[in-house]
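The primary structure of each chain is shown beneath.
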Amino acid sequence: MEAEILDLSVGEFSRRIKKMIESRPQLQRIAIRGEVSKWSPQSNGNLYFTLKDADSALACFAFPSGVKRFPKVADGVSVRAIGSIGVREQRSEYQLLVEELELTGIGALAAQVEALRERLQSEGALDESRRRPIPRYARRVALISAAGDAKEDFEKIVRERAPNVEVTFFLTRVQGKGADIEIAEAFDRASQADVDLIVLTRGGGSYEDRFAFNLEPVVRAILRSRHPVITAIGHAPDFHLADAVADYSAPTPTAAAEHLVADWVRTFDRLARARTDLSRLLRDVLWRVNQRSDSSGSRLGHSLERRIASEQLRILTLQRRLAAVSPVVQLAQQRAASVAKATGLDRVRERLVSDWKRRVERAEAGLDKIDPQSPLERGYAIVTKGGHAVRDAGELAPGDEIAARLYRGTVAARVERTSNDE
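Everything numeric in this text was worked out from a predicted model, so none of it was measured.

Student: I'm lost on the packing of aromatic side chains in this one. Help?
Tutor: Between two aromatic rings, the relevant description is the distance of the centres plus the angle of the planes. All told, the structure shown has five aromatic pairs when counted by the stated rule. Both rings, one in Tyr137 and one in Trp264, keep their centres 5.1 Å apart while their planes meet at 80°; by these two values the pair is edge-to-face. A residue pair is termed long-range when its members are at least 10 positions apart, and Tyr137 in the loop between α3 (106-123) and β6 (140-145) and Trp264 in helix α8 (residues 253-325) qualify at 127 residues. With a relative accessible area of 33%, Tyr137 lands in the partly exposed category. Here the aromatic cluster, defined as three or more aromatic residues joined through ring pairs, consists of Tyr48, Phe61 and Phe63. For the cation-ring pair, Lys151 lies above Phe169, with the distance from its terminal atom to the ring centre recorded as 4.7 Å. A cation over a ring is seen here: Arg359 above Trp356, with NZ or CZ 4.6 Å from the ring centre.

Next comes the structure, spelled out in structure tokens:
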């Protein structure tokens, strides 16, 4: 026997479906979770949107009286919509009439962060004028972090580029329930330490993993810190409330360490260049002193040679004159006189040569006295400061850096004390 067929018009079918749904109490107060899409507020205050998941989509509608109570929502946000199922008879469509709307998952976390951000904004905690300057030459740093890559990356950069900077580690959990309280307690301990600044770091992770850095205990601990604060939270582009209230925010722990030691690195480079320039200047000064010594000896030798040549020329001239005025007939009579004169001239020449040799020897002895190398061979040293030779102890003060040029090599030293005793 065939089943009886229910013969209905479209309108009758829609009315029956509506009546069937409305007769079921469990469909008149129902909560449905999903992701918002097609969020469409209307000019009259009504709201249309769709809830969807991986399997299905559900049309939703809300009156202005309910929309006023909804949190801030945008497409892609996860929500929990509470209301009743209704049927639009004209289209035979069912929809959810939404009376309440709650954020869930990341959406709920985002709403919590936004509420705290608004409070901080009203307090002036996010004002740029509140930020404190980061010390250019920090010597002591408090590092708040969990043990792991973030801590190791930060310490590696500081150790390699500025080993004079002391890092004190304050261990804390950086994710999970209660991590915000532990981070705040670590901040309070670091704030009492003898440091120049505090660095808060952690590695990458999901938004939920790093959510502790958006919670009020951490934010308030940064705000009350006695020392400037640098944050370096994860490798993701998310910006946390801890970053917003910190005095400087770096994208990664490595970037935070590089910012911290940048001025130290530049200073070390300048000192290295200054040492190189000072050594080159000292070599140039010694080279010029040696050149002047060689030049003085050369000029004295040339002067002596010119004087001897002049005397020889004068003697030759006299000899030629004698030969020119001596007739052959007078040669015999004047031979003896000529021989005597020639002998006398030889003695004069020898005397002049001997005299000039003694002068040359005395000049060479004088040059030896002013030769800067001679005292160095005897154990003395040339002391310079800033490239200039020091002749008086009064030119120096304790703490001055000096260089001592020895016969072989140069010694760098620092003045401990001075004395003007003769």
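There is more to say, and it comes next.
Student: Would you mind going over helix α6 (residues 216-224) with me for this structure?
Tutor: Side chains of residues three or four places apart in an α-helix project in the same direction, reflecting 3.6 residues per turn. Those residues of α6 that sit buried are Val218, Val219, Ala221 and Ile222. For α6, the buried positions fall inside an angular range of 160° around the axis, keeping them on one side.

Student: Whenever I open this one, the sheet that holds strand β14 (residues 410-414) confuses me. Can you help?
Tutor: Picture the strands of a sheet paired through backbone hydrogen bonds; they go either parallel or antiparallel. Across the sheet, which stays open at both edges, the four strands sit in the order β12-β11-β13-β14 with antiparallel pairing between neighbours. Of all strands in the sheet, those bounded by a partner on one side alone are β12 (388-389) and β14. In this structure, strand β11 (residues 382-385) lies alongside strand β13 (residues 401-405), joined through three bridges in antiparallel fashion. Across the sheet, Thr384 pairs through a bridge with Ala403, a residue of β13.

Thresholds, definitions, all that
Residues numbered from 1 in each chain as written. Predicted model: local features only at pLDDT ≥ 70, side-chain atom pairs only at ≥ 80, totals over all residues. Heavy atoms only, no water. Phe/Tyr/Trp six-rings, centres within 6.5 Å; stacked < 30°, edge-to-face > 60°. Helix = DSSP H or I, 4+ residues; strand = E, 2+ residues; numbered from the N terminus. Buried < 20%, exposed > 50% of the residue type's maximum accessible area, 1.4 Å probe, protein only. Lys NZ or Arg CZ within 6 Å of the ring centre and 35° of its normal. Arc of directions from axis to C-beta. Pairing = 2+ DSSP bridges.

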